[in-house]
Amino acid sequence: MNKLSILITTLLLASVGLVGCGTSTSKNTTSKNLLTTIKSEGKIQIGTEGTYAPYTFHDKSGKLTGFDVEIAEEVSKRLGVKPEFVETKWDGMFAGLDAKRFDMIVNQVGILPDRQKKYDFSNPYIVSKAVLIVKSTNDNIKKFADLKGKKSAQSLTSNLANVAKANGAVLQPVDSFNQAIDLLVSKRVDAAVNDSLSFLDLKKQKPGIAIKVVAEQGNAQPSAIMFKKGNKELVTAVNKALTDIKADGTYSKISNKYFGSDVSK
């Protein structure tokens, strides 16, 4: 074989190798978008806590349920796939999404500017307000500004922790709303800033619990489903599912089941 023939053969083999390298079908590659992969696999993996009633928790039988869980199930059904929930502590939730342990997070994720720089969000599907919770016997903390120098039980990466920190609180890290309330009731912290709807649900479940709300933020915080950036097709499909859920009355049914009212606005 002469030198020209060898050169041509080498170039042809290199060309075949490059074509072969472009056939990857793993999640989040350019050759196959995430929505297509989800539909072909017939399932969508969803990050959620499982410890944050009434949004995501286990009922008496041990079944994972809640407002967020039912919304995620309805979205999945309209995408034509099966939901698979991956229960994760809140402070590890974003890292789990980064590591592709799940395809999206449905767990009362507030839409904040710093998060929008790194992640994409669906349209908001619920709004709620931050409330300041203390023991029933506490008369020293009456407003958010009174948190200065006080110990507040918070999930460190939540927007609620930002509220407590902005008002001068010393943050006591917790993994869940239930843990925050346990610390508060046992007097190991002075307060907790949390979601107004979670507080109302807790009082409904445990009317005798010795805690109270002493202040409420004026502006409601919207929450949405969160995704890694670069999955436009999936975000668009989820937004359509959310629109359809609201249009056909399914959202209202779920909302009334857990809250007795429409919590989308």
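Data block above holds the structure.
Caption draft 1: Structural view of the side chain of asparagine 107. When you line up the elements, asparagine 107 lands in strand β5 (residues 104-110). Here the side chain of asparagine 107 touches glutamate 49 through a polar contact of 2.6 Å, landing on its backbone nitrogen. Apart from the residues lying within four places of it in its own chain, the contact partners of asparagine 107 are Gly47, Thr48, Glu49, Tyr52, Thr56, Asp68, Trp90, Met93 and Tyr125.

Caption draft 2: Structural context of unusual backbone geometry. Here the bond from alanine 53 into proline 54 is cis, since omega is 0°, no more than 30 degrees from zero. Mapped onto the elements of the fold, proline 54 is located in the loop between β1 (43-48) and β2 (57-58). One non-glycine residue, lysine 100, adopts positive backbone phi at about 65°. With respect to the helices and strands, lysine 100 occurs in the loop between α4 (93-98) and β5. Owing to a relative accessible area of 41%, lysine 100 belongs among the partly exposed residues under this scheme. For lysine 187, which is not glycine, the phi torsion reads 65° and is therefore positive. Within the element layout of this structure, lysine 187 appears in the loop between α7 (177-185) and β11 (192-195).

Caption draft 3: Spatial organisation of the packing of helix α2 (residues 34-41) against helix α9 (residues 232-247). The geometry of α2 relative to α9 is characterised by a closest axis approach of 6 Å and an angle of 65° between their N-to-C directions. Considering their axes alone, α2 and α9 lie roughly perpendicular with respect to each other. Residues Leu34, Leu35 and Ile38 of α2 form the contact with α9, whose participating residues are Glu233, Leu234 and Ala237. For the contact of α2 with α9, the class distribution of residues is five nonpolar, no polar and one charged.

Caption draft 4: Region of the structure containing the sheet that holds strand β12 (residues 211-216). Spatially, the three strands line up as an open sheet ordered β11-β8-β12, and their pairing is antiparallel. Of all strands in the sheet, those bounded by a partner on one side alone are β11 and β12. Between one strand axis and the next, the sheet turns by 40° as a mean value, whatever way the strands run. Of the strand pairs in this sheet, strand β8 (residues 130-135) and β11 are connected by four bridges, and their pairing is antiparallel. For alanine 130, the partnering residue across the bridge sits in β11 and is aspartate 195. Its contacts with the sheet put helix α6 (residues 159-166) on β8 and β11, and the angle it makes with β11 is roughly 145°.

Conventions we followed
- Residues numbered from 1 in each chain as written.
- Predicted model: local features only at pLDDT ≥ 70, side-chain atom pairs only at ≥ 80, totals over all residues.
- Heavy atoms only, no water.
- Helix = DSSP H or I, 4+ residues; strand = E, 2+ residues; numbered from the N terminus.
- Polar contact = N/O pair within 3.5 Å; in protein donor to acceptor, adjacent residues only side chain to side chain.
- Contact = heavy atoms within 4.5 Å.
- Buried < 20%, exposed > 50% of the residue type's maximum accessible area, 1.4 Å probe, protein only.
- Axes fitted to C-alpha atoms, helices over the stretch in contact; angles between N-to-C directions.
- Parallel < 35°, antiparallel > 145°, perpendicular 65-115°, else oblique.
- Nonpolar A, V, L, I, M, F, W, Y, C, P; charged D, E, K, R; others polar.
- Pairing = 2+ DSSP bridges.

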